[in-house]
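Close look at the chain arrangement
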Amino acid sequence: MVQTFDAIIIGAGQAGPPLAARLSDAGMTVALIERGLFGGTCVNTGCTPTKALVASARVAFDARRAAEFGVTTGGEVRVDLQAVQNRQRAMAAKSRRNVEAWIRGLAHCTVFQGHASFTSQTEIKVDGAVLASSRIFINVGGRSRIPDLPGINQVPYLTNSSILQLDTLPRHLVIVGGGYIGLEFAQIFRRFGSAVTVVDRKSQLLGREDKDISSAVQGILEAEDVAFRLGSECISFRQHEPQICVGIAGESGASEVLGSHVLLAMGRQPNTDDLGLDRAGVAVDDRSFVVVNDRLETNVPGIYALGECNGRGSFTHTAYNDFEIAAANTLDGADRNLATRLPTYALFIDPPLGRVGMTQSEAIKAGHRVLVGQRPMARVGRAVEKGDTMGLMKVMVDADTDLILGAAILGTCGDEAVHGLIGAIHAGVTATDFQQAMPIHPTVSELIPTILGAREPAA
Ligand SMILES: Cc1cc2nc3c(=O)[nH]c(=O)nc-3n(C[C@H](O)[C@H](O)[C@H](O)COP(=O)(O)OP(=O)(O)OC[C@H]3O[C@@H](n4cnc5c(N)ncnc54)[C@H](O)[C@@H]3O)c2cc1C
Ligand SMILES: NC(=O)c1ccc[n+]([C@@H]2O[C@H](COP(=O)([O-])OP(=O)(O)OC[C@H]3O[C@@H](n4cnc5c(N)ncnc54)[C@H](O)[C@@H]3O)[C@@H](O)[C@H]2O)c1
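Residues numbered from 1 in each chain as written. Chains lettered and ligands numbered in written order. Predicted model: local features only at pLDDT ≥ 70, side-chain atom pairs only at ≥ 80, totals over all residues. Heavy atoms only, no water.

1. Considering the site of ligand 2
Surrounding ligand 2, one finds 21 residues, the nearest of these being E184, D200, C234, S314 and A346. Note that a nitrogen atom of ligand 2 is positioned 2.8 Å from one of the side-chain N or O atoms of E184. Notes on ligand 2: free accessible area 850 Å², of which the protein chains cover 83%. Of all the secondary structure elements, the ones that give two or more residues to the shell around ligand 2 are α5 (180–192) and β13 (233–240). At three residues, α5 tops the list of elements feeding residues into the shell around ligand 2. Residues belonging to the shell around ligand 2 are distributed by class as follows: eight nonpolar, six polar and seven charged. (Near = heavy atom within 4 Å. Polar contact = N/O pair within 3.5 Å; in protein donor to acceptor, adjacent residues only side chain to side chain. Areas by Shrake-Rupley, 256 points an atom, 1.4 Å probe, with all protein chains shown as cover. Helix = DSSP H or I, 4+ residues; strand = E, 2+ residues; numbered from the N terminus. Nonpolar A, V, L, I, M, F, W, Y, C, P; charged D, E, K, R; others polar.)

2. Regarding the sheet that holds strand β16 (residues 261–264)
Read across the sheet, four strands follow the order β12-β11-β10-β16 without closing on themselves; strand pairing throughout is parallel. Edge positions in the sheet fall to β12 (227–229) and β16, since each has one partner strand and no second. Averaged over all pairs of adjacent strands, the angle between strand axes in this sheet comes to 20°, irrespective of strand direction. Of the pairings in the sheet, the one linking strand β10 (residues 172–176) to β16 comprises four bridges and is parallel in character. Bridged to V176 within β16 is L264. Contacting β10, β11 (195–199), β12 and β16, α5 runs over the sheet at an angle of about 165° to β11. (Pairing = 2+ DSSP bridges. Axes fitted to C-alpha atoms, helices over the stretch in contact; angles between N-to-C directions. Contact = heavy atoms within 4.5 Å.)

3. Notes on the domain arrangement of the protein
Its domain assignment divides the protein into domain 1 (3–144 + 269–332), domain 2 (157–266) and domain 3 (344–457). Computed over C-alpha atoms only, the centres of domain 1 and domain 2 are separated by 27 Å. At the junction of the two partners, domain 1 supplies 22 residues and domain 2 supplies 20 residues. When residues of domain 1 are sorted by the area they lose upon contact with domain 2, T45, L81 and S144 head the list and together hold 28% of the total. Across the pair R89 and D167 runs a salt bridge, and its minimum N-O distance is 2.9 Å. At the junction of domain 1 and domain 2, the tally comes to nine residue pairs in polar contact (both at pLDDT 80 or more). Only α3 (47–64) and α4 (81–104) provide two or more residues apiece to the side of domain 1 that touches domain 2. The leading source of residues in the side of domain 1 that touches domain 2 is α3, at eleven residues. (Domains from an automatic or database assignment. Buried area = accessible area lost by both parts, 1.4 Å probe. Salt bridge = Lys/Arg side-chain N within 4 Å of Asp/Glu carboxyl O.)

4. So, the site of ligand 1
In the neighbourhood of ligand 1, 37 residues make up the surrounding shell, with Q14, E34, T41, K51 and E308 lying closest. One of the backbone N or O atoms of E308 is found 2.8 Å from an oxygen atom in ligand 1. In the environment of ligand 1, an oxygen atom lies 3.1 Å from a nitrogen or oxygen atom belonging to the backbone of S314. Bound to the protein, ligand 1 loses 93% of the 1000 Å² it would expose on its own. Elements that contribute at least two residues to the shell around ligand 1 include exactly β3 (30–34), α2 (40–44), α3 and α8 (316–331). By residue class, the composition of the shell around ligand 1 is 13 nonpolar, 19 polar and five charged.

5. Points about the packing of helix α1 (residues 16–25) against α8
Contact geometry for α1 and α8: axes closest at 9 Å, N-to-C directions at 20°. One element, α1, and the other, α8, form an angle in the roughly parallel class. When the axes of α1 and α8 are compared, the crossing they make is right-handed. Here P18, L19, R22 and L23 of α1 lie close against α8, whose contacting residues are Y320, F323, A327, A328, T330 and L331. Across the contact of α1 with α8, the residue classes break down as eight nonpolar, one polar and one charged. (Parallel < 35°, antiparallel > 145°, perpendicular 65-115°, else oblique. Left-handed = near helix turned anticlockwise from the far one by under 90°.)

6. Some words on the sheet that holds strand β1 (residues 2–4)
The four strands are arranged β1-β7-β6-β5 in an open sheet whose pairing can be described as mixed. Only two strands of the sheet have a single partner each, and these edge strands are β1 and β5 (116–118). When the angles between neighbouring strand axes are averaged without regard to direction, this sheet yields 30°. Here β1 pairs with strand β7 (residues 129–132) via three bridges, running parallel. Looking at the pairing, V2 lines up with V130 of β7.

7. So, the nonpolar core
The biggest cluster of nonpolar side chains holds 51 residues, and the ones touching the most others in it are I10, I33, F118, L131, F137 and I138. Not counting chain neighbours up to four residues away, the residues in contact with I10 comprise I33, A116, F118, I124, I136, F137, I138, N139, V140 and L275. Counting 35 residues, the second-largest nonpolar core is a separate cluster that includes L166, L183, L392 and A408. (Core = buried A, V, L, I, M, F, W, Y, C linked by side-chain atoms within 4.5 Å. Buried < 20%, exposed > 50% of the residue type's maximum accessible area, 1.4 Å probe, protein only.)

Right under this line is the structure:
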């Protein structure tokens, strides 16, 4: 028997549950289907567990430096990885239970547990059930991309999910991929006590960032003895008991990096391959992301794609913002879209990198006459007081309109301090206006008006 709903949502990650809640609260009948863990990547294998690990790593880092702050501790600092992992697991489990209880408690929402796939443009099968709706929201997220390289299946590699199950510290962790996942785990495990080597095919880390920012990120990690093999393409894997050999090809030819463990952090792949999209005629791009327009509509009327699977953002806040757009357009008669969405993100190494809008090179490439205000964190009072002086902050301004174009704050509290600029850019506040607000002392944010006041033509 076919069960009909006002809306079907596939995936209980970051967009699905809040969308189910809004539709149900509006009186619509909703089917929400989840095949794995409620809360998806962010809650179970992404943001929550990794930021809990970042916090444990910071405590280890601080404990080792305690004497610098005049604090005496009980001797050598050791990390009990099992206890660290239990802490993050407990947080993820609590969050997962909360999501499940929330969606199961919604008045008009029926939760189905199982793998969903399209049988037509309006029908979904999940286990034995067939569900129908003229409105289907796809929120299936993604997973680690595992490239088909020689030897890959002969070595016990780790991913962002399986590394969360590891209870003994790797002696030497080799991380393939120096993106967000690679860099966050690199510092986490280095601080826990592992030797860490990061291999990346690019010669500059975080290729999207300005060179000064990516060099400073690398410097922060190198200061803690994270080793880098950049400009090195990973081409193969080989087990050489008890080591794993990662084959790399770089400018100086082929060689190997040996480690006790290997983490693959080589990008993400959308969970669209087993969704039956072809049976619904939903178009995907060459990397299997669902193609959507700025209103998150696919090429099939009534079918939408939200979150990481649409290739328009791979962060929790972009997935959540997709929910807000879809809900406003469905329920409020709004015409919200992605076109005006500002890029915002943070890299949670410690100290973190907070980012909004354009980089300096993007702004120049886009034809702006760019003024830049910048300052090393070593000249930010709050950073000095905290003994946390690595990094720099910079803000880009359009010389003709005085509008703020973008900012990067790499330093203590950079993930929080950047929010003042997110608000300002979103609201179209000029640099001159921003300078006239009175910030709080002593904070990192108090220096933003100061650096705006010293803005100079970009080199
Ligand atoms: C290690 C790591 C750290 C991260 N840290 C951050 C961070 O600090 N900040 C940040 O903003 N982002 C971070 N991210 C990214 C963030 O977690 C994701 O972008 C976000 O979770 C995507 O949300 P989503 O709703 O699109 O997908 P997901 O959260 O992945 O949810 C998709 C859900 O769909 C389900 N599903 C898939 N296919 C089917 C099917 N056929 N039938 C039924 N159910 C299905 C899945 O089981 C899953 O529960 C991190 C990611 C990783 C891997
Ligand atoms: N702080 C955060 O918000 C956060 C944290 C973690 C993950 N995430 C999300 O998860 C996504 C995926 O993260 P990721 O780090 O896996 O992907 P990524 O795309 O950020 O980085 C992958 C890296 O792997 C390298 N690479 C790929 N193939 C290679 C090869 N054969 N040899 C050597 N290097 C190779 C690439 O050059 C790249 O630098 C990110 O885009 C991000 O949106 C966000």
